[in-house]
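# Per-entry structural report
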Amino acid sequence: MEKKEEIHLEYIINSSPRILFPFIHEPNALAQWFADDVNYKEGIYEFIWDDEVNRAKLVSVKENKCVRFKWLEDEPYYFEIEIIQDELTNDVALAITDFVKSDNLEDRKQIWNNSVGYLQSVIGA
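Scoring rules and cut-offs
Residues numbered from 1 in each chain as written. Predicted model: local features only at pLDDT ≥ 70, side-chain atom pairs only at ≥ 80, totals over all residues. Heavy atoms only, no water. Pairing = 2+ DSSP bridges. Helix = DSSP H or I, 4+ residues; strand = E, 2+ residues; numbered from the N terminus. Axes fitted to C-alpha atoms, helices over the stretch in contact; angles between N-to-C directions.

In the nomenclature of an unreviewed UniProt entry, the protein corresponds to START-like domain-containing protein from the organism Sphingobacterium chuzhouense.

This is how it looks when you write it as structure tokens:
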């Protein structure tokens, strides 16, 4: 298996962590911006893009702060979405950690850019 490199992306979001948090861990809310559809059954999330199912387990959750999903078919990789709030300005950002093959780096960044853009329109940010 080809080794993937870790990437970090950050997006300013005009929202509060309390409003934003359901959109990074609830299946129905994730389906509004992250995937074509999201199913949840017996602790496993099924993310569906273009009729392709990718299964992941939610391995870490911190209320109003962070989630980490571990891919079941792509060990040892995961993706993490963290809500960061600046203590001085109260600005809120979404920090993404993902793993990608080097030849797909720009495509993956564009996918995240588009997805977070959808999220911002869904929450009215």
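Once you've had a look at it, read on.
### Here's the deal with the sheet that holds strand 4 (residues 52-62)
In space, the 7 strands of this open sheet follow the order 1-7-6-5-4-3-2, with antiparallel pairing throughout. Lying at the two open borders of the sheet, with one neighbouring strand each, are strand 1 (5-13) and strand 2 (37-41). This sheet shows a mean twist of 25° between the axes of neighbouring strands, independent of strand direction. Bridge count between strand 4 and strand 5 (residues 66-71): 6 bridges; the pairing is antiparallel. Paired with Lys62 across the strands is Cys66, a residue of strand 5.

### A short note on the pairing of strand 4
Where strand 3 (residues 44-49) meets strand 4, 6 bridges bridge the pair, whose relative direction is antiparallel. Looking across to strand 4, one finds that Ile44 is bridged to Lys57. Hairpin connection between strand 3 and strand 4: a loop of 2 residues separates the two successive antiparallel strands, and Asp50 in this loop has a positive phi of roughly 45°. Connecting strand 4 to the next strand, strand 5, in antiparallel fashion are 3 residues, including Asn64 with a positive phi near 60°.

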